[in-house]
Amino acid sequence: MQIGSKAAVKEVINPSVSISTKTKKSFFQRMMSQKALLAMSLPFLVWLVIFKYIPLWGWSIAFQDFKPARSLLDQEWIGLEHFKFLFSDDNFWRVLRNTIGMSTINLVLGFVTAIGLALLINEIRHIRFKKSVQTISYLPHFISWVVAASIVSYSLSLENGIVNIVLVNLGIIDEPILWLGKEKWFWVINGLTEVWKNVGWNTIIYLAAITMIDPEQYEAADIDGASRFQRIKHITLPSLQPTIIILLIMNLGYILESGFEAQYLLGNPMNLAYSENLDIYVLKYGMSMGNFSLATAAGIFKTVVSFIFLFTANHIAKRFGQPRLF
C-alpha cells in the first residue's frame, strides 16, 4: 500500500486526528499572518511580567511579621493576623467608607459631565471655537495636583476666595464659609475638583466614538426634520452606549482607587474624618510606621475587591446582552 493511501486510511479510522492537525495548522497560520502585531505586543508583555506579575511574590509579606533587616527565609510567618487587625480597626472602616463615597461621586460626576461636554462639543459648528473649547477643557489635566490643589484652596479660602465672594454677592450665603473646614463638604469639593481637572481629557474617547457614527444617520434625521436634541437622543446616545458600558465596567474595577494627591493635599485636621481614604491609610499607618505587612494586606484587600467588582459588572453586562470586556 502506498504512503498516501495509509494517511487516507488513518483519517477514515480516526477523523479527529485530521481535524486536530488542520486546526493547529490554521492557528499557526493565523499567528504567522499577525506576526507584526505579535512583535509589537511583545515589549508590553515583557513589561507586564516584569513589573506586574513578578512583584506579586511580595504579597507574602502580608502573612509575615516582616522585618526589613531579615532575609525572606528568616521572616516570621503569622498567617492572617494583619488581616484580622485590619478588619477590626475602626480607622480602616472609616477610610473604606470615605474611599467608596468619593469614588462613587467621582464615577457619577465623571461620566455625566464627560458625556455631556462631549455632546455639546460635537454640536459646535464653528471649527475654531470648537478647537478652542477643547483646548481649554484639556489644559487642567496637565496641571500638577500640587498646583491644582493650591488653586482650589485659594478659591475656597475664607478671605478673598472667589467662591465665597460670588455666593455672598448672589445672596446664596450670608457670610463667607471655610469650605475646607466643613468635613461633610469634602467629598463634593473633591468630586468637583476631579471634574474640573479631568472632564476635558475624559471627553476624548467619547468624541472619538462619536466620529465613528455613520453620517448618513444624521442626514436621514435632518431630512425627517429631527431637531438637535432628537438627534442626540435617538442617534448619538444609543451609538455611545457600548463605549459607556465598557468604560463603566473598567471604572468599577477601580472603585477603591479614589485617588491620593487631591485628598492628601486638600485634607487638613478639620476635615480628616472624611478626607482620609485607603491610600492615605496605607501611607499613614503602614509605610510611615514601618508596618509594611499591614500596608501589603490593605493592598491585597483592594486588589481582591477590584477583581470582584470587575468580574461582577462584566457578568451582569453579559447577562443582559450588553458589550463586555471578556
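Residues numbered from 1 in each chain as written. Predicted model: local features only at pLDDT ≥ 70, side-chain atom pairs only at ≥ 80, totals over all residues. Heavy atoms only, no water.

Colleague: I keep staring at the overall build of the protein chain and nothing clicks. Help me out?
Modeller: Counting secondary structure elements, the protein chain contains 15 helices and two strands. Its C-alpha radius of gyration of 27 Å places the protein chain more than 25% over the 20 Å reference for a compact globule of 326 residues. Residues counted as buried form 35% of the 326 residues belonging to the protein chain. Considering only residue pairs separated by 6 or more positions, the protein chain has 66% of its internal contacts joining residues 24 or more positions apart. Across the protein chain, 28 positive and 22 negative side-chain charges occur, with their mean positions spaced 13 Å apart. (Helix = DSSP H or I, 4+ residues; strand = E, 2+ residues; numbered from the N terminus. Rg over C-alpha atoms; globule rule 2.2 N^0.38 Å. Buried < 20%, exposed > 50% of the residue type's maximum accessible area, 1.4 Å probe, protein only. Contact = heavy atoms within 4.5 Å. Lys, Arg positive; Asp, Glu negative; His and termini not counted. Charge placed at Lys NZ, Arg CZ, Asp CG, Glu CD.)

Colleague: Would you explain the nonpolar core in this entry?
Modeller: One broad rule of soluble globular proteins: the nonpolar side chains tend to lie buried together. Within the largest apolar cluster, 20 residues are counted, with the highest numbers of intra-cluster contacts made by F111, I115, L119, Y206, L240 and I244. For this core, the secondary-structure elements that each account for two or more residues are α5 (90-123), α9 (186-211), α10 (215-223) and α11 (228-252). With seven residues, α5 is the single largest residue contributor to this core. One finds V95, Y281, I300 and V305 within the second-largest nonpolar core, a separate group that totals 18 residues. (Core = buried A, V, L, I, M, F, W, Y, C linked by side-chain atoms within 4.5 Å.)

Colleague: Teacher, can you tell me more about unusual backbone geometry here?
Modeller: What is expected of a backbone is that most residues other than glycine have negative phi and most peptide bonds are trans. Phi is positive for N160, which is not a glycine, with a value near 65 degrees. Locating N160 in the fold gives a position in the loop between α7 (145-155) and α8 (162-169).

Colleague: Is there a simple way to explain the side chain of D279 in this structure?
Modeller: Checked against the element boundaries, D279 lands in helix α14 (residues 278-287). Overall, the relative accessible area of 19% leaves D279 in the buried class. Only 2.7 Å separates the side chain of D279 from the side chain of K302, close enough to count as a polar contact. Leave out the neighbours within four places in its chain, and D279 touches E257, G259, F260 and K302. (Polar contact = N/O pair within 3.5 Å; in protein donor to acceptor, adjacent residues only side chain to side chain.)

Colleague: Can you walk me through the packing of aromatic side chains in this structure?
Modeller: Centre distance and the angle of the planes are the two values used to describe a pair of aromatic rings. Tallied over the entire structure, the rule returns 17 aromatic pairs. Ring geometry for F92 against Y281: centres 6.0 Å apart, planes inclined by 65 degrees, an arrangement best described as edge-to-face. On the criterion of sequence distance, the pair formed by F92 in helix α5 and Y281 in helix α14 is long-range, its members being 189 residues apart. Of the two residues, F92 and Y281, both sit in the buried class. Judged by centre distance (5.3 Å) and plane angle (75 degrees), the ring pair of F92 and F301 falls under edge-to-face. Residue F92 is located in helix α5, and its partner F301 is located in helix α15 (residues 292-319); the two are separated by 209 residues in the primary sequence. Under the relative-accessibility criterion, F301 is labelled buried at 17%. Ring pairs connect the aromatic residues F87, F92, W93, Y281, Y285 and F301, which therefore count as one cluster. The aromatic ring of Y274 is capped on one face by R97, whose charged end is 4.4 Å from the ring centroid. (Phe/Tyr/Trp six-rings, centres within 6.5 Å; stacked < 30°, edge-to-face > 60°. Lys NZ or Arg CZ within 6 Å of the ring centre and 35° of its normal.)

Colleague: How do you make sense of the packing of α11 against α15 when you look at a structure like this?
Modeller: The geometry of α11 relative to α15 is characterised by a closest axis approach of 7 Å and an angle of 155 degrees between their N-to-C directions. Accordingly, the angle class assigned to the pair α11 and α15 is roughly antiparallel. Together, I245, I249, M250 and L252 of α11 and F309, L310, A313, N314 and A317 of α15 make up the contact between the two elements. Split into classes, the residues belonging to the contact of α11 with α15 amount to eight nonpolar, one polar and no charged. (Axes fitted to C-alpha atoms, helices over the stretch in contact; angles between N-to-C directions. Parallel < 35°, antiparallel > 145°, perpendicular 65-115°, else oblique. Nonpolar A, V, L, I, M, F, W, Y, C, P; charged D, E, K, R; others polar.)

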